[in-house]
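# A structural walkthrough
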Amino acid sequence: MASDEILVFTTIGDRDMAEEHISEMLEQGIIVSGTIFPEVELVFLWEGKITVDTENKILLKAKADKYNAIEEYIMKRHPYIAPEIIRMDVSFGSPAYKAFVADKIKKNS
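What comes next concerns the included structure. The structure presented is a predicted model; accordingly, all values stated were derived computationally and were not measured. (Residues numbered from 1 in each chain as written. Predicted model: local features only at pLDDT ≥ 70, side-chain atom pairs only at ≥ 80, totals over all residues. Heavy atoms only, no water.)

## Structural notes on unusual backbone geometry
Positive phi, normally seen in glycine, also occurs at Glu-39, with a value near 45 degrees. Following the sequence through the fold, Glu-39 ends up in strand E2 (residues 33-46). Here Glu-39 falls in the exposed class, since its relative accessible area comes to 59%. With a phi angle near 50 degrees, Glu-47 is a residue other than glycine that sits in the positive phi range. Under the relative-accessibility criterion, Glu-47 is labelled exposed at 70%. (Helix = DSSP H or I, 4+ residues; strand = E, 2+ residues; numbered from the N terminus. Buried < 20%, exposed > 50% of the residue type's maximum accessible area, 1.4 Å probe, protein only.)

What follows is the structure, given as structure tokens:
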């Protein structure tokens, strides 16, 4: 059975743009909150060479029924050709935290 809550991970190079995207998604009511992990290092192969780059990892908390709107937002506004979008079905943990998130969702709906 799928969860009602999801986490969505994405990345973006510019910290200010990360804050702007989170703010806009909050204003649109499609996420409950967003966390920015600043300047994480990405290690990957590019054209046969190991490359190290920095970017901001973004963690979005949302209701599962908002996923399509989140994906659409990221695909339209993201500067990358193929941005990372990873969805995880979750249950937001302790009863106290779940009640807190439910209250935030209710107030923002």
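## Structural notes on the packing of helix H1 (residues 15-28) against helix H2 (residues 67-77)
The geometry of H1 relative to H2 is characterised by a closest axis approach of 11 Å and an angle of 140 degrees between their N-to-C directions. Considering their axes alone, H1 and H2 lie oblique with respect to each other. Our pair here, H1 against H2, has a crossing hand that is right-handed. Each of Glu-20, His-21, Glu-24, Met-25 and Gln-28 in H1 lies in contact with H2, whose residues at this interface are Ile-70, Tyr-73 and Arg-77. Across the contact of H1 with H2, the residue classes break down as 3 nonpolar, 2 polar and 3 charged. (Axes fitted to C-alpha atoms, helices over the stretch in contact; angles between N-to-C directions. Parallel < 35°, antiparallel > 145°, perpendicular 65-115°, else oblique. Left-handed = near helix turned anticlockwise from the far one by under 90°. Contact = heavy atoms within 4.5 Å. Nonpolar A, V, L, I, M, F, W, Y, C, P; charged D, E, K, R; others polar.)

## Remarks on the sheet that holds strand E1 (residues 5-12)
Spatially, E2-E3-E1-E4 is the arrangement adopted by the 4 strands of the open sheet, whose pairing is antiparallel. Only two strands of the sheet have a single partner each, and these edge strands are E2 and strand E4 (86-90). The mean angle between the axes of side-by-side strands here comes to 30 degrees, regardless of whether they run parallel or antiparallel. Strand direction decides the pairing type here: E1 and strand E3 (residues 49-63), joined by 8 bridges, are antiparallel. What sits directly across from Thr-10, in E3, is Ile-58. Sheet strands in contact with H1 are E1, E2 and E3, and its direction is about 135 degrees off that of E2. (Pairing = 2+ DSSP bridges.)

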